[in-house]
Amino acid sequence: MKIQVLFGTETGNAEMVSDDIVDALAHEIDISAADMSKFQISELSPENFYIIVCSTYGDGELPNSAQPFFSALGAQKPELTGLRFAVFGLGDSFYATYNRGSEIISEQLVELGANQIGKRGLHDASSGELPGDIAMQWAKEILSEI
């Protein structure tokens, strides 16, 4: 099974976390990362497993690079039954909209029939912990479930 990490970011933090996940797991599995803004909805396949890494921007909006993916899902409304994914969110609990970006993507995928595996992973920028470290541990736990 191929693992595809899709990231949505505003400042590059989700891209760096995605790279950390890929680097940590590439010697064990077939895994790669792609920017959501360059990923076509038609490329989604139930044969693959998707790890979505998404930050939150502004007042709980999706970051710029996640918006085209989200808009295309809404416009095309693909049937995603059989598609499996997990979500890791980046945010700051100082704000009331903490990790809303990852929640928005997850909700839309489930609404279209996809199956979320495991709990949504979360990193809190206020914690002082490195997001890559948290994400790698979370990803390993998720992959042990599948």
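So, here is what we can say about the structure in this document. (Residues numbered from 1 in each chain as written. Predicted model: local features only at pLDDT ≥ 70, side-chain atom pairs only at ≥ 80, totals over all residues. Heavy atoms only, no water.)

## Things to note about the pairing of strand β4 (residues 84-91)
Working step 1: Counting buried residues in β4 gives seven out of eight residues, a clear majority hidden from the surface.
Working step 2: Of the pairings in the sheet, the one linking strand β3 (residues 49-55) to β4 comprises seven bridges and is parallel in character. Residue pairing for β4: Ser 55 is matched across the bridge by Leu 90.
Working step 3: Crossover β3 to β4 through helix α2 (residues 67-76) is right-handed.
Working step 4: Bridge count for β4 against strand β5 (residues 115-116) is two bridges, and the pairing is parallel. Along β5, the bridge assignment pairs Arg 84 with Asn 115.
Working step 5: Bridge count for β4 against strand β6 (residues 121-124) is four bridges, and the pairing is parallel. Within β6, the position partnered with Leu 90 by the bridge is His 123. (Buried < 20%, exposed > 50% of the residue type's maximum accessible area, 1.4 Å probe, protein only. Helix = DSSP H or I, 4+ residues; strand = E, 2+ residues; numbered from the N terminus. Pairing = 2+ DSSP bridges. Right-handed = clockwise from strand over helix to strand, strands pointing away.)

## Observations regarding the pairing of strand β1 (residues 2-8)
As a general feature of sheets, a regular strand has side chains that alternate between the two faces.
Working step 1: Burial analysis of β1 places six of its seven residues in the buried class, which makes it a mostly covered element.
Working step 2: When β1 meets strand β2 (residues 30-35), the two strands line up parallel, connected through six bridges. Bridge pairing links Val 5 to Ala 33 in β2.
Working step 3: Of the pairings in the sheet, the one linking β1 to β3 comprises six bridges and is parallel in character. The partner of Val 5 across the bridge, within β3, is Ile 51.

## So, the packing of aromatic side chains
The relative placement of two aromatic rings is captured by the distance of their centres and the angle of their planes.
Working step 1: Taken as a whole and judged by the stated rule, the model has three aromatic pairs.
Working step 2: Measuring from ring centre to ring centre gives 6.3 Å for Phe 39 and Tyr 50, while their planes differ by 70°; the resulting arrangement is edge-to-face. Note that Phe 39 is positioned in the loop between β2 and β3 and Tyr 50 in strand β3, a separation of eleven residues in sequence. Taken as a pair, Phe 39 and Tyr 50 share a single burial class, namely buried.
Working step 3: Aromatic pair Phe 39 and Phe 69: ring centres 6.3 Å apart, planes at 55°, arrangement tilted. Of this pair, Phe 39 sits in the loop between β2 and β3 while Phe 69 sits in helix α2, placing them 30 residues apart in sequence.
Working step 4: With a relative accessible area of 8%, Phe 39 lands in the buried category.
Working step 5: Site record: aromatic cluster; members linked through ring pairs are Phe 39, Tyr 50 and Phe 69. (Phe/Tyr/Trp six-rings, centres within 6.5 Å; stacked < 30°, edge-to-face > 60°.)

These figures capture arrangement, not role.
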